[in-house]
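Coordinates in review
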Amino acid sequence: MDDGSIDLKRAAREAAYGMPLAEINPSDPEIFRTDSWAPYFERLRAEDPVHWSVSPDEEVGGYWSVTKFNDIMAVDTDHAAFSSEPTIVLPDPAEDFTLPMFIAMDPPKHDAQRKTVSPIVAGANLAKMEPVIRERAAAILDDCPIGVEFDWVDKVSIELTTMTLATLFDFPWEDRRKLTRWSDVATAAPESGVFSSTDPELAEQERRAELFECVDYFMRLWNERVNAPPASDLISMLAHGESTRDMDRMEYLGNLILLIVGGNDTTRNTISGSVLALHQNPDQDRKLRDNLGLIPSMVSETIRWQTPLAYMRRSANRDFELGGKTIKAGDKVAMWYVSGNRDEEVIARPNDYIIDRERVRQHLSFGFGIHRCVGNRLAELQLKIIWEEIIKRFPKIEVAGRPTFVNSSFVKGYEKLPVVIPTRN
């Protein structure tokens, strides 16, 4: 596939290095939609690794961009100096639509709520889920057409992760694609194309209406589960958990969004990213097919290479010196995982996709410290299984055109990935 990617990369590099350093705003979703983000972060790591940016978006305003691996680690592991409240994204929450969720809380409340749901992704439960995930992955792949172009994102990535999420919630199976929609709505910007209007006020009204539909649907499930004996699904865990059973409607919605986005968006984008990465790196594809023992390592490398959430926000609790800059109390700080995962000082040949690299799990995609992704092992399990089942069936997956990237600086992913599978094994 000659997609003109070399010319696009050259143009992106010229744009990134051609503008004044002070004008670089990494939170501009356009650099992610056009897949031109890499040279902006390359320049910031080299010239201004703790960088003050001012976004034209009034809800974002001024913020610090932390772009190097070790600086990100320093912020991510110091929850005393850097708070997760009130939100993990750069736009401030509207006063009349605040969604508390445990990822955007500090201890002790964060710890108690996280502990309530963590058993569902513990080893014992994952062992029970593995044959179920494998059976579904096999059915999805067996339904893929041969020799005909189709959208891998919709047909495979979304379907597998939505099925898994529906299982975790014990969600009505016939309505499972509602979870996909609510995940998209929760993270979409007005201009993303997700809403019927691009007008910010109208798009926000639409977003709120759909999220209220989400919480109303889940309230019905809550009422069923709270009046039944405790069970092993997420809604029952929340309904019966000591630290979560008294949540109000907005906090319930906030935690639902966290679990839906965390269980859906991130894994689905890494599944799509793995197909693209192996297509772009045929030597690595051959290496994988010659040694299936490399699948877990390939999974970790893809999670680093893809970085499905580009950043996380913190708010400084006090003045803090980092990289020669003084971050003032109250300042917003964006930890750019997508940049730290390409830090040449920590990761050898970081722009290369190397499925058997040393220390392959050395990446920032799951975060660090108390907020490290609670579902990381489930994400890795789904990716491992889907590739074991892919290689059983398909000698090759060809990317048939340019991917369409999500118009977001937070969720780094794919709207569409056209592929053709030439033959079956």
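Refer to the structure above for everything that follows.
Being a predicted model, the structure only gives us computed values, none of them experimental.

Rules and cut-offs
Positions within a chain are numbered from 1, following the residues in the order the chain's sequence is written. For this predicted model, a pLDDT threshold of at least 70 governs which residues receive local features, and a threshold of 80 or more governs which side-chain atom pairs are given and counted, while totals over whole chains, interfaces and linings are taken from all residues. Side-chain numbers come from the whole structure's heavy atoms, not from hydrogens or water. Elements are defined by DSSP. Helices are runs of H or I of four residues or more, strands are runs of E of two residues or more, and each kind is numbered from the N terminus. Whether two strands pair depends on DSSP finding at least two bridges between them. The classification of residues rests on relative accessible area computed with a 1.4 Å probe and restricted to protein chains. Under 20% of the type maximum is buried, over 50% is exposed, and intermediate values are partly exposed. Each nonpolar core is a collection of buried residues, namely Ala, Val, Leu, Ile, Met, Phe, Trp, Tyr and Cys, held together in the definition by side-chain atoms within 4.5 Å. The contact rule is simple, with two residues in contact once any of their heavy atoms fall within 4.5 Å.

**What about unusual backbone geometry?**
Here Glu-85 and Pro-86 are connected by a cis peptide whose omega angle stands at 10 degrees. Position of Pro-86 among the secondary structure elements: in the loop between strand E3 (82–83) and helix H5 (109–117). The amide bond that connects Pro-107 to the next residue, Pro-108, takes the cis arrangement and shows omega of 5 degrees. Structurally, Pro-108 can be placed in the loop between E3 and H5. Positive phi outside glycine occurs at Asp-170, with the angle close to 50 degrees. Note that Asp-170 resides in the loop between helix H7 (152–169) and helix H8 (177–187).

**Examining the sheet that holds strand E9 (residues 398–399)**
Pairing is antiparallel in the open sheet, where 3 strands are placed in the order E4-E12-E9. Here the strands that pair on one side only, and so sit at the sheet edges, are strand E4 (150–151) and E9. Of the strand pairs in this sheet, E4 and strand E12 (residues 418–420) are connected by 2 bridges, and their pairing is antiparallel. Residue pairing in the sheet places Asp-151 in a bridge with Pro-418 of E12.

**A closer look at the pairing of strand E8 (residues 332–335)**
Where burial is concerned, the two faces of E8 agree: the one with Lys-332 and Ala-334 and the one with Val-333 and Met-335 are both buried. Two elements, strand E2 (residues 62–66) and E8, share 3 bridges in a ladder whose sense is parallel. Paired with Trp-64 across the two strands is Val-333, which belongs to E8. Both strand E5 (residues 312–316) and E8 contribute to a ladder of 4 bridges, which runs antiparallel. Its bridge partner being in E8, Met-312 is matched across the sheet by Met-335.

**Here's the deal with the nonpolar core**
Core analysis: the biggest nonpolar cluster contains 127 residues, and Trp-152, Phe-169, Phe-218 and Trp-387 have the highest contact counts within it. In terms of residue count, helix H11 (residues 249–280) provides more of this core than any other element does, 13 residues in total. Beyond its immediate sequence surroundings of up to four residues, Phe-169 is in contact with Leu-179, Phe-218, Arg-225, Asp-233, Leu-234, Ile-235, Leu-256, Leu-259 and Ile-260.

**A few points about the environment of Lys-412**
Counting through the fold element by element, Lys-412 comes out in the loop between strand E10 (404–405) and strand E11 (414–416). Judged by its relative accessible area of 10%, Lys-412 is buried. Residues Lys-412 and Thr-67, 345 residues apart in the sequence, show an inter-C-alpha distance of 16 Å. Sequence-distant contacts of Lys-412, that is, excluding residues within four places in its chain, are made with Phe-32, Trp-37, Asn-269, Trp-305, Gln-306, Thr-307, Pro-308, Ala-310 and Val-338.

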